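# A structural walkthrough
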Amino acid sequence: MAGEWVEIGEANQLAPGQLIYAAIEGLPVTVANVDGTLYAFSDACRHEGGPLSAGVLIGATITCPWHGWAYDVRTGKSLVPPVGLRLATYPVRICDDTIWIEIDWEQ
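Just so we're clear, the structure is a prediction, and the values are computed from it rather than from any experiment.

Cis rather than trans, the peptide bond between Pro81 and Pro82 has omega equal to 0°. A positive phi angle, near 50°, is found at Glu25, a position not held by glycine. Note on placement: Glu25 falls in the loop between strand S2 (19-24) and strand S3 (27-34). Look at Glu25 and you get exposed, because its relative accessible area is 69%. One non-glycine residue, Asp96, adopts positive backbone phi at about 50°. With respect to the secondary-structure elements, Asp96 resides in the loop between strand S9 (92-95) and strand S10 (98-103). The exposed category is assigned to Asp96, whose relative accessible area is 73%.

It is worth spelling out the packing of aromatic side chains at this point. Following the criterion strictly, the structure yields zero aromatic pairs and no others. The aromatic ring of Trp5 is capped on one face by Arg93, whose charged end is 4.0 Å from the ring centroid.

Summarising the element assignment, Asn33 is placed in strand S3. Within the structure, Asn33 has its side chain in polar contact with the backbone oxygen of Leu14 (distance 2.7 Å). Excluding anything up to four places from it in sequence, Asn33 contacts Leu14, Ala15, Pro16, Gly17, Gln18, Leu38 and Leu57.

Another aspect to go through is the sheet that holds strand S5 (residues 56-58). An order of S5-S6-S7 is seen for the three strands of this open sheet, with the pairing classed as antiparallel. The two strands at the open ends of the sheet, each matched to only one other strand, are S5 and strand S7 (70-72). Taken over all neighbouring pairs, the strand axes of this sheet differ in orientation by 25° on average, direction set aside.

Below, the discussion takes up the UniProt feature "domain: Rieske" (unreviewed entry) in the chain. In the UniProt entry, the feature "domain: Rieske" (unreviewed entry) is given for residues 5-101. Summarising residues 5-101: 0% helix, 46% strand, and an end-to-end C-alpha distance of 5 Å.

Here Thr30 is to be found in strand S3. At a separation of 2.4 Å, a polar atom in the side chain of Thr30 contacts the side chain of Asp43. Those residues in contact with Thr30 that lie beyond four places of it in its chain are Leu19, Ile20, Tyr39, Ala40, Phe41, Asp43, Leu52 and Ser53.

Reading the values: the criteria
Residues numbered from 1 in each chain as written. Predicted model: local features only at pLDDT ≥ 70, side-chain atom pairs only at ≥ 80, totals over all residues. Heavy atoms only, no water. Helix = DSSP H or I, 4+ residues; strand = E, 2+ residues; numbered from the N terminus. Buried < 20%, exposed > 50% of the residue type's maximum accessible area, 1.4 Å probe, protein only. Phe/Tyr/Trp six-rings, centres within 6.5 Å; stacked < 30°, edge-to-face > 60°. Lys NZ or Arg CZ within 6 Å of the ring centre and 35° of its normal. Polar contact = N/O pair within 3.5 Å; in protein donor to acceptor, adjacent residues only side chain to side chain. Contact = heavy atoms within 4.5 Å. Pairing = 2+ DSSP bridges. Axes fitted to C-alpha atoms, helices over the stretch in contact; angles between N-to-C directions. UniProt positions renumbered as here; feature names shortened; annotations may be inferred.

What follows is the structure, given as structure tokens:
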């Protein structure tokens, strides 16, 4: 089943290297601008649920502000042990300067 596309903001408000947070029906999501490409992922760190939108984005790496766990925003893969952990990631599209992300509520 196809997911639901949800509008979360304007693309011109998200410069390279910046993050924005969106709560979509209670689902916490962060969108990161990495060199002009937008990536959406779960805002909750897999370690203890820290808010990744309050973390530091360097290149494509987001670091949790609570305990320093790091993830690749493009894939959701953890960059620190245990490296098998992943954040949920969501497709992003921009239409008429509006950011849309696809949420598959069936997952």
